[in-house]
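These are the residues of each chain, in order.
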Amino acid sequence: MEKKPFVTKEQLDKIVEKYPTPFHLYDEKGIRQTARDLYKAFSWNEGFKEYFAVKATPTPAILKILQEEGCGTDCSSLTELIMSDRCGFADGNSIMFSSNETPAEEFILAKKLGAIINLDDITHIDFLKDACGIPERICCRYNPGGYFSLGTDIMDNPGDAKYGMTKPQIFEAFKRLKREGVKEFGIHSFLASNTVSNEYYPALASILFNLAVELKENLGVHIGFINLSGGVGIPYTPDKEPNDIFAIGEGVRKAYEEILVPAGMGDVKIFTELGRFMLAPHGHLVVKAIHEKHTYKEYIGVDACAANLMRPAMYGAYHHITVMGKENEPCDHTYDVVGSLCENNDKFAIDRKLPKIDMGDLLVLHDTGAHGFSMGYNYNGRLKSAEILLQEDGSTRMIRRAETPEDYFATIEGFDF
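In what follows, the accompanying structure is described.

Parameters at a glance
Residues numbered from 1 in each chain as written. Predicted model: local features only at pLDDT ≥ 70, side-chain atom pairs only at ≥ 80, totals over all residues. Heavy atoms only, no water. Salt bridge = Lys/Arg side-chain N within 4 Å of Asp/Glu carboxyl O. Helix = DSSP H or I, 4+ residues; strand = E, 2+ residues; numbered from the N terminus. Buried < 20%, exposed > 50% of the residue type's maximum accessible area, 1.4 Å probe, protein only. Pairing = 2+ DSSP bridges. Axes fitted to C-alpha atoms, helices over the stretch in contact; angles between N-to-C directions. Contact = heavy atoms within 4.5 Å. Parallel < 35°, antiparallel > 145°, perpendicular 65-115°, else oblique. Left-handed = near helix turned anticlockwise from the far one by under 90°.

A word on the pattern of salt bridges
What the rule picks out here adds up to 20 salt bridges. Measuring nitrogen to oxygen at the nearest pair gives 2.9 Å for the salt bridge that ties Glu 214 to Lys 167. Taken together, the residues span a long stretch of sequence, with Glu 214 in helix α8 (residues 200-219) and Lys 167 in helix α7 (residues 167-179) at a distance of 47 residues. Residue classification places Glu 214 among the partly exposed residues on the basis of a relative accessible area of 30%.

Section: the sheet that holds strand β11 (residues 269-272)
As summarised here, the arrangement of the eight strands in space is β2-β3-β4-β5-β6-β9-β10-β11, forming a closed barrel in which the pairing is parallel. Adjacent strand axes in the sheet meet at a mean angle of 25° when their direction is disregarded. Its contacts with the sheet place α7 against β5 (116-119), β6 (137-141), β9 (184-188) and β10 (223-227), and it is angled at close to 165° to β6.

With respect to the packing of helix α2 (residues 28-41) against helix α9 (residues 245-260)
For any two helices packed against each other, the geometry is given by the interaxial angle and the distance between the axes. Direction vectors running N to C along α2 and α9 enclose 25°, while the axes themselves pass 8 Å from each other. Judged on the interaxial angle alone, α9 and α2 are roughly parallel. Handedness of the α2/α9 crossing: right-handed. Here Asp 37, Leu 38, Lys 40 and Ala 41 of α2 lie close against α9, whose contacting residues are Ile 245, Phe 246 and Gly 249.

Regarding unusual backbone geometry
With an omega of -5°, the peptide bond between Thr 21 and Pro 22 qualifies as cis. Located in the positive-phi region is Glu 101, a residue other than glycine, with phi close to 50°. A residue is classified by how much of its surface remains accessible, and Glu 101, at 58% relative accessible area, is exposed. Notably, Asn 380 is not glycine yet its phi reads approximately 65°, a positive angle. Mapped onto the fold, Asn 380 is located in the loop between β17 (362-365) and β18 (386-390).

Some thoughts on the pairing of β18
The two faces of a sheet get side chains in turn, since along a regular strand they alternate between them. Among the five residues that make up β18, five are buried, leaving the element largely enclosed by the rest of the structure. The side-chain alternation of β18 yields two buried faces, one formed by Ala 386, Ile 388 and Leu 390 and the other by Glu 387 and Leu 389. As judged from the five bridges shared by strand β1 (residues 23-27) and β18, these two strands associate in the parallel manner. If you follow Asp 27 over to β18, its bridge partner there is Leu 390.

Here is the structure:
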């Protein structure tokens, strides 16, 4: 799959006249289309709802766009709950709270906001009860253990993950929660990250649907919803094709018709919590080449660093790079594209074949719309960059300003800066 920026060189030149690099740029048109495609793919399920994973892109302007497209939010912290509340999601149906090792104050706020609380462990039942009481609607996170495979390919190792309950634990949890007065139950699970396969969701759905039938038949509980969580990924590298959300939706529908409907469970709602799939392709980190270095390797230094995009430094993750205006030139130079941190892993690309880069060239790092800005930090006193929205009409607006040194110093006590 050829990766092309969603913005042209001419558009970007005008944008950088107004907003200095580096910055994260988001494509409103693409975000809305992805949300609409998702809802269309699952339109066969009357209660379907997407709960966008706030951790992927915790930006109110983005959340409001998704809210307009019918999405809720998936929160995992106090501040994500507060942000969702202030953005208008606290209507009793639009917030999922999926956390682990959760402080009591977070459970208290989640219940107050009417969020669907997703318990990560059986011991959290008593903890939640003591903190604020058990709500009548609740969800439990399931971990089947072992390895999760599609065909002969091992996708991930749930048994090594800290999340979720074992099968015996979830049965015991539902028994106890039923005694506590719970009326509606949900099941949640996450088995693999960033899968580029149309088979992942249908396979996960089959596991959860069968579990739901067992729980209903053995415990007499009402399963109101099944949350397939995230895991549907994107192709970061240009050699892969993207997931087909319509094929995925159809695969889940078939499993639903084969497993749930015969068990008299044709009213179960399907939820998703997609972050990366919803936003990653619709974000670019825009940087400028400001230094070149010729030693044992060829280096291009840009005006951003791992504080702006941590994934390459943290995971060795690949992000495609376009040198704007040179898309048709041969990739006959080999560079390490690096940032300014005092860490040798602060590299956006290693031994990357690119066109010749000149100082002042604008570079677009693709697929940074999720887990890009959100994973930023202030090591070396580096500051987070601005976030800019490319609106549907082609205009732009700043949706988060860049940090300043005054922001960095604002929390320090005892010194006058």
